[in-house]
Amino acid sequence: QVQLVESGGGLVQPGGSLRLSCAASGSIFRFNDMGWYRQAPGKERELVAGISTGGTTHYAESAKGRFSISRDNAKNTVSLQMSSLKAEDAAVYYCYIRFTNGEQYWGRGTQVTVSS
């Protein structure tokens, strides 16, 4: 079993910045992909960004140029630095970890609200 705990959500004004962090614990295979999805009310969950153990990153088009994902393999943590936030970025952000055998685990989510 794997547990993921997110932190860093909150209220931010449009144009502001926020940093999300996620720590994984439990039975973690060495090679994995970690990252973030988000889900806004009435919408499907969508990928925001992910990063592999080797550091390869992938971003949703909406996140490119504004968000930056990073990870610490020694600590099994992943962070998402979000800048130039827009109202449409408001959602519950879920951390995930996915292993090469197909297993995937989710965090409980952290709310990001973008409002003036």
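Preceding block: the structure.
The structure reproduced in this document is the subject of the present report. (Residues numbered from 1 in each chain as written. Predicted model: local features only at pLDDT ≥ 70, side-chain atom pairs only at ≥ 80, totals over all residues. Heavy atoms only, no water.)

### A word on the sheet that holds strand S8 (residues 77-82)
To keep things clear, this is the line we draw: Following DSSP output, two strands are said to pair if at least two bridges run between them. Helix and strand labels come from DSSP, where a helix needs a run of H or I of at least four residues and a strand needs a run of E of at least two; each type is numbered from the N terminus. Axis lines are fitted through C-alpha atoms, for helices just across the contact stretch, and the angle between N-to-C directions can take any value from 0 to 180 degrees.
Taken in spatial order, the 4 strands line up as S1-S3-S8-S7 in an open sheet, and their pairing is antiparallel. At either margin of the open sheet sits one strand with a lone partner, and together these are strand S1 (2-7) and strand S7 (67-72). Strand-to-strand, the axes of this sheet are offset by a mean angle of 15°, without reference to chain direction.

### With respect to the pattern of salt bridges
Using the following cut-off: Put simply, a salt bridge is a Lys or Arg side-chain nitrogen that is within 4 Å of an Asp or Glu carboxyl oxygen. Relative accessibility thresholds used throughout: buried, under 20% of the residue-type maximum; exposed, over 50%; partly exposed, between the two (1.4 Å probe, protein chains only).
Scanning the entire structure with this criterion turns up 5 salt bridges. As a salt-bridge pair, Arg38 and Glu46 come within 2.7 Å of each other at their nearest N and O atoms. With a relative accessible area of 6%, Arg38 lands in the buried category. One network of salt bridges, in which partners are shared, links Arg38, Glu46, Arg66 and Asp89.

### Digging into the side chain of Asp33
Definition in use: We call two residues contacting when some pair of their heavy atoms lies within 4.5 Å.
Position of Asp33 among the secondary structure elements: in strand S4 (residues 32-39). Looking at Asp33, the relative accessible area reads 12%, which means it is buried. In this structure, Asp33 is in contact with Gly50, Ile51, Ser52, His58, Arg71, Tyr96, Ile97 and Arg98, ignoring residues within four places of it in sequence.

### A word on the environment of Ala63
Mapped onto the secondary structure, Ala63 falls in the loop between strand S6 (57-59) and S7. Classification of Ala63 as buried rests on a relative accessible area of 1%. Separated by 16 residues in the primary sequence, Ala63 and Leu47 place their C-alpha atoms 9.6 Å from one another.

### Overview of the pairing of S4
Within S4, 7 of the 8 residues are buried, leaving the element largely enclosed by the surrounding structure. Bridge count for S4 against strand S9 (residues 91-99) is 8 bridges, and the pairing is antiparallel. Bridge pairing links Asp33 to Arg98 in S9. With 6 bridges connecting them, S4 and strand S5 (residues 46-52) associate as antiparallel partners. Following the sheet pairing, Tyr37 is matched in S5 by Leu47. What sits between the antiparallel neighbours S4 and S5 is a turn of 6 residues, in which Gly42 has the positive phi angle 80°.

### What to know about the state of the cysteines
How we decide: Criterion for a disulfide: a pair of cysteine sulfur atoms within 2.5 Å.
The full count for this structure, using the stated rule, is 1 disulfide. Shown here is the disulfide that connects Cys22 with Cys95, its sulfur atoms set 2.0 Å apart. Torsion about the S-S bond of the Cys22 and Cys95 cystine: about -85°, corresponding to left-handed handedness. Residue Cys22 is located in strand S3 (residues 18-26), and its partner Cys95 is located in strand S9; the two are separated by 73 residues in the primary sequence. Under the relative-accessibility criterion, Cys95 is labelled buried at 0%.

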